[in-house]
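# Fold and geometry: a report
Now for the letters of each chain:
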Amino acid sequence: MSKRIKTHHATGLMLSSAVVLMSLSASAWAEDSKSETAKAADPSILRVCASEVEAPYSTRDGEGFENKIAKALGQAMDRKVKFSWIKKPAIYLVRDQLDKKECDVVIGLDTGDERVLTSKPYYRAPYVFVVRKDSPLDITSWDSPDLLKANKIAIAADTPAQVMLEKLGLFNRNFNYMKSLTGFKSKRNQYIRVEPQRYVDEVASGKADVAVVFAPEVARYAKQRGDQVKLVVIPDNATRGDGKHIPFHFDQSVGVRKDDKKLLDDVNAALEKAGPEIETILKEEGIPLDAIAKTPEGRAG
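Here's a quick rundown of the structure. None of these values were measured; they are calculated from a predicted model. (Residues numbered from 1 in each chain as written. Predicted model: local features only at pLDDT ≥ 70, side-chain atom pairs only at ≥ 80, totals over all residues. Heavy atoms only, no water.)

### Regarding the packing of aromatic side chains
Put simply, the rule is: Any Phe, Tyr or Trp ring, taking Trp's six-membered ring, that has another such ring centre within 6.5 Å forms a pair; planes under 30 degrees apart are called stacked, those over 60 apart edge-to-face, and the others tilted.
Counted according to the given criterion, the structure contains 10 aromatic pairs. Taking the centre distance of 5.3 Å and the plane angle of 45° together, the rings of Tyr-57 and Phe-65 count as tilted.

What follows is the structure, given as structure tokens:
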């Protein structure tokens, strides 16, 4: 019985009506829940969590490379792919879609993401330096002396790149420029994403001497500006001031809910089958691929 009914001393008739209404509501909820469960378990459909605003990974027109990977995965599973779209960045897919059972798989999570069960990795990619082809700076690693000569370095906040700029004493002098990429918005209580194309444009236009970005985010745009910029793979040997390894190469997996082991097994089997097609999609995107690691590390700095 609700607190409101108790407070207003409902009559027996009102009480009976409330019980009936509650019973009807419970029945309707049970039917809806049953229907949703049945829909989620439909073996002919693969429900994919997807962002409408996460280019180049995922876009509403289906041209994101992860949208294409989802279709290849669905075909290998002999299932029709149904995208469950959200008008938020992909960082919210697990919380706002997968956990609420609006969909069943998330494409492109770091292998070992603790929020979900992750598949066997289906590709591994590095962070890269984005530099102009005619740049006088020779930047090939974090140890390159010319990195200290760069006037502006474009990076995303709270990434491994930020850790290295702090170590090298370059963070403070790049702070205002880095904030300008987000329009000086505060990240308090909100996620702020710089459009990946912006990093390539900043370098191509000469506004920045170098950008440091996860390769899948910028490969498409660097490929479009192939006469102006190039991607230089960052060696995966960086260390913090205390000597601890900072990973710059990351394995990528498909994520499912923690209680969906059967689906995970099906996804793993399908990834083996769809492997060649997925590799073609990634290479067409222009992403430099690396050998998959035996011990994956998360992308958090």
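### Here we look at the packing of helix H7 (residues 196–204) against helix H8 (residues 215–224)
Geometry of a packed helix pair, given as the angle between the helix axes and the separation of the axes. Quick note on the threshold: Only the stretch in contact is used when fitting a helix axis, every axis being a line fitted to C-alpha atoms; angles between N-to-C directions are given from 0 to 180 degrees. Each helix is a run of H or I in the DSSP string that is no shorter than four residues. Each strand is a run of E no shorter than two, and both are numbered from the N terminus. Any angle that is under 35 degrees is reported as roughly parallel, and any over 145 degrees as roughly antiparallel; angles of 65 to 115 degrees are reported as roughly perpendicular and all others as oblique. For any pair of crossing helices, the crossing counts as left-handed if the nearer helix is rotated counterclockwise from the farther one by less than a right angle, and right-handed if it is rotated clockwise. We call two residues contacting when some pair of their heavy atoms lies within 4.5 Å. Under this grouping Gly is polar, as are all residues other than the nonpolar Ala, Val, Leu, Ile, Met, Phe, Trp, Tyr, Cys and Pro and the charged Asp, Glu, Lys and Arg.
Where H7 contacts H8, the two axes come as close as 8 Å, and the packing angle between them is 50°. Accordingly, the angle class assigned to the pair H7 and H8 is oblique. Handedness of the crossing formed by H7 with H8: right-handed. Listed contacts from H8 to Pro-196, Gln-197, Tyr-199 and Val-200 of H7 are Glu-217, Val-218, Tyr-221 and Ala-222. Residue composition of the contact of H7 with H8, grouped by class: 6 nonpolar, 1 polar and 1 charged.

### Some words on the packing of helix H3 (residues 65–76) against helix H9 (residues 261–285)
Close contact between H3 and H9 brings their axes to 8 Å; oriented N to C, the two are set at 145°. Where H3 crosses over H9, the two elements pack in a sense that is right-handed. Contacts between H3 and H9 involve Phe-65, Lys-68, Ile-69, Ala-72, Leu-73, Gln-75 and Ala-76 on the former and, on the latter, Val-267, Ala-270, Leu-271, Lys-273, Ala-274, Glu-277, Ile-278, Ile-281, Leu-282 and Glu-285.

### A closer look at the state of the cysteines
Think of a disulfide as a covalent bridge from one cysteine sulfur atom to another cysteine sulfur atom. Stated formally: Disulfide assignment relies on a single distance test, namely cysteine sulfur atoms paired within 2.5 Å. For every residue, the accessible area (1.4 Å probe, protein chains only) is compared with the maximum for its type, and the residue is labelled buried under 20%, exposed over 50%, or partly exposed between those bounds.
Inspection of every chain in the model, using the stated rule, returns 1 disulfide. With a sulfur-sulfur separation of 2.0 Å, Cys-49 is cross-linked through a disulfide to Cys-103. Taking the torsion about the sulfur-sulfur bond, which here is approximately 100°, the covalent link between Cys-49 and Cys-103 counts as right-handed. You can see Cys-49 sitting in strand S1 (residues 45–51) and its partner Cys-103 sitting in the loop between helix H4 (93–98) and strand S5 (105–110), a full 54 residues away along the chain. Of the two residues examined, Cys-49 and Cys-103, each falls in the buried class.

### Focus: the pairing of strand S9 (residues 210–214)
Cut-off, in case you're wondering: Should DSSP find at least two bridges between two strands, the strands are taken to pair.
In terms of burial, S9 is a largely internal element, 5 of the 5 residues being buried. Sheet topology note: the strand S7 (residues 123–132)/S9 ladder contains 4 bridges and is antiparallel. Within S9, the residue paired with Tyr-127 across the bridge is Phe-214. As paired elements, strand S8 (residues 153–155) and S9 share 3 bridges and run parallel to each other. Its bridge partner lying in S9, Ile-153 is registered against Val-210.

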